[in-house]
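Below, each chain spelled out in residue letters.
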Amino acid sequence: MSWSTRFLTAVAFLAVGVVFAPDVLGSGPESPAAAITAVKLCHLLAFSTAWGAALWVTFIGGIIMFKNLPRHQFGNLQSKMFPAYFMVVSVCAAVSVAAFAYLHPWRSASSVERYQLGFLLSALGFDLSNLIVFTPMTIEMMKKRHKIERDLSIGEEIGWSKNMEVAKTNVQLAAMNKKFGMIHGLSSLANIIAFGSLAMHSWYLTGKIQL
């Protein structure tokens, strides 16, 4: 089952739930309260999806794959996964921004709410920068470096040890490592800033929950 099929299945279950339990959206389909509750639900689902995906990819999944997969295999997998990842978190961040802006219009929003909208816009901006700029550049650099490494018969090992050893005596590989490191560093920085922005919003939402 593809991710799109799973997504549509989840939406279908949500729709069935609304049909059989309309009270979860307020007093009725025509009620303003229902619309507000629906927007809150969209915001919460979109934010939690972006937050969870960012947490997993940044701190768990990527590290596990790097430590257990041959480096070229790891890189090829990341080149397929990261465009999809940044697409998902960008869409979710956009939905969160739209929903939060609808719930808290700028003119009537408090300073705290304006800061939170700023954090969400920051996450969206940095995710889009990765999706449109940094990730394509990183993938292109990675493919060029893989070609150099294949010519040197390295890249099928786990970890960086072989690369660093050969780069000491190979000027071309050392230069490519430097270029890749720079663009990959910018991509990672943008991802961390986006994650931090979502973390700030999670703190705000936590303060709104009554347990």
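Residues numbered from 1 in each chain as written. Predicted model: local features only at pLDDT ≥ 70, side-chain atom pairs only at ≥ 80, totals over all residues. Heavy atoms only, no water.

The name that an unreviewed UniProt entry assigns to the protein is TMEM205-like domain-containing protein, with the source organism given as Ensete ventricosum. Under the UniProt heading Subcellular location (unreviewed entry), the note attached to the protein is "Membrane". (UniProt positions renumbered as here; feature names shortened; annotations may be inferred.)

A. Geometry of unusual backbone geometry. One non-glycine residue with positive phi stands out, namely Ser-153, at about 60 degrees. Residue class for Ser-153 comes out exposed when judged on its relative accessible area of 68%. (Buried < 20%, exposed > 50% of the residue type's maximum accessible area, 1.4 Å probe, protein only.)

B. Quick look at the packing of helix α3 (residues 71–103) against helix α4 (residues 111–151). Where α3 contacts α4, the two axes come as close as 9 Å, and the packing angle between them is 165 degrees. Taken together, the axis directions place α3 and α4 in an arrangement best described as roughly antiparallel. Crossing hand, α3 versus α4: left-handed. (Axes fitted to C-alpha atoms, helices over the stretch in contact; angles between N-to-C directions. Helix = DSSP H or I, 4+ residues; strand = E, 2+ residues; numbered from the N terminus. Parallel < 35°, antiparallel > 145°, perpendicular 65-115°, else oblique. Left-handed = near helix turned anticlockwise from the far one by under 90°.)

C. Region of interest: the environment of Val-91. Here Val-91 shows up in helix α3. Residue classification places Val-91 among the partly exposed positions, given a relative accessible area of 45%.

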